[in-house]
Amino acid sequence: MNILVTGHKGFIGQNMVTHLARLGHAVTGFEWGDVLPEIQEYDQVIHLGAISSTTESNVEKVIAQNYKFSCNLLDLCLTYEIPFQYSSSASVYGLNLQFTETSPVDPITPYAWSKYMFELYAQHKNPLPLRPVQGFRYFNVYGLHEDHKGNQASPYHQFAKQAQKTGIIKVFEDSENFLRDFVPVETVIDAHVRFMKLDISGIWNVGTGKAKSFLEVAEEVAEKYNAKIEYIPFPEHLKHSYQRYTCADMTNCYKAYSGA
């Protein structure tokens, strides 16, 4: 197929483009600020481009890139009847402890709000699209090509860099009680590829269905690099917005896979 991937220079985008090309697809990349190609030339659009920093405080910037541009791109795909996939985020669940796609949402940050707002737009803009409109709520993704993400990189990446550089991994106090569904980027790419074969629309969680503490991740990395673990105080500015637990309910995703 001829596929357009937005955000192709980002962490997940780089992995996506490499994998799709390996499968034999023709892939065109797009980044914010580029001239958008003629959409009607493509068989599939995979929209990954976004301000991905969960701590970005410039609301207008987040809304412009994560919401308004996404709406415009979706409108074009609906007009030309092009299958559309987009990345959402488990951050829409906020501090809730239930993680089915129909669970209550509680977006806290501008980033989370932008993702949830676009989910609503995609669902209500055209409730019965002629071609699939598929959204994926990524949980905590990690893997190759995280170098540019800085402090937004996954614990796996940050801990490995610390271990290699100093031999010491720094974790927040109480890290054994903060758990996440850490999902390999390969699992995320696989979800997109599988759903490209399905003529269904909706929103699905993409994780592993298992939660692991930050301390467990640190211990894994410490063992690999023979590093030590050091505890540091938990930042005050994160205390009221930091998710204590996430774990994807993968029931609906796995049901969909059975049809792929």
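Read on for an overview of the structure. (Residues numbered from 1 in each chain as written. Predicted model: local features only at pLDDT ≥ 70, side-chain atom pairs only at ≥ 80, totals over all residues. Heavy atoms only, no water.)

### Points about the pattern of salt bridges
Point 1. Per the counting criterion, the structure on display carries five salt bridges.
Point 2. Put simply, aspartate 174 and arginine 244 hold a salt bridge, and the shortest N to O gap is 3.5 Å. Separated by 70 residues along the polypeptide, aspartate 174 in the loop between β7 (168-172) and β8 (179-180) and arginine 244 in the loop between β12 (228-232) and α7 (251-257) bring together distant segments of the chain.
Point 3. The salt bridge partner of glutamate 220 is lysine 212, with a shortest N-O separation of 2.6 Å.
Point 4. Taking relative accessible area as the criterion, glutamate 220 reaches 36% and is therefore assigned partly exposed.
Point 5. Judged by its relative accessible area of 26%, lysine 212 falls in the partly exposed class. (Salt bridge = Lys/Arg side-chain N within 4 Å of Asp/Glu carboxyl O. Helix = DSSP H or I, 4+ residues; strand = E, 2+ residues; numbered from the N terminus. Buried < 20%, exposed > 50% of the residue type's maximum accessible area, 1.4 Å probe, protein only.)

### Notes on helix α6 (residues 214-225)
Point 1. Over its 12 residues, α6 extends 17 Å from the first C-alpha to the last, a length consistent with the 16 Å expected when each residue adds 1.5 Å.
Point 2. Among the residues of α6, those classed as buried are Phe214, Leu215, Val217, Ala218, Val221 and Ala222. End-on, the buried residues of α6 take up no more than an arc of 155 degrees, which puts them together on one face. Those residues of α6 that are exposed and angled more than 90 degrees off the buried face are Glu223 and Lys224.
Point 3. In the core, the buried residues of α6 are packed alongside α4 (155-166), β7, β8, β9 (182-184), β11 (212-213) and β12. (Expected span 1.5 Å × (residues − 1). Arc of directions from axis to C-beta. Contact = heavy atoms within 4.5 Å.)

### Things to note about the packing of aromatic side chains
Any pair of aromatic rings gets described here by the distance separating the centres and the angle formed by the planes.
Point 1. By the definition in use, this model includes 25 aromatic pairs.
Point 2. When the ring of phenylalanine 172 is compared with that of phenylalanine 234, the centres are 5.1 Å apart and the planes differ by 65 degrees; the resulting orientation is edge-to-face. In this pair, phenylalanine 172 sits in strand β7 while phenylalanine 234 sits in the loop between β12 and α7, placing the two residues 62 residues apart along the sequence.
Point 3. A residue is classified by how much of its surface remains accessible, and phenylalanine 172, at 24% relative accessible area, is partly exposed.
Point 4. Through pairs of rings, three or more aromatic residues link up here, namely Tyr142, Tyr156, Phe172, Phe178, Phe182, Phe214, Phe234 and Tyr242.
Point 5. It is arginine 194 that lies over the ring of tyrosine 257; its NZ or CZ is 4.3 Å from the centre.
Point 6. Cation over ring: arginine 244 sits above phenylalanine 178, and NZ or CZ is 4.3 Å from the ring centre. (Phe/Tyr/Trp six-rings, centres within 6.5 Å; stacked < 30°, edge-to-face > 60°. Lys NZ or Arg CZ within 6 Å of the ring centre and 35° of its normal.)

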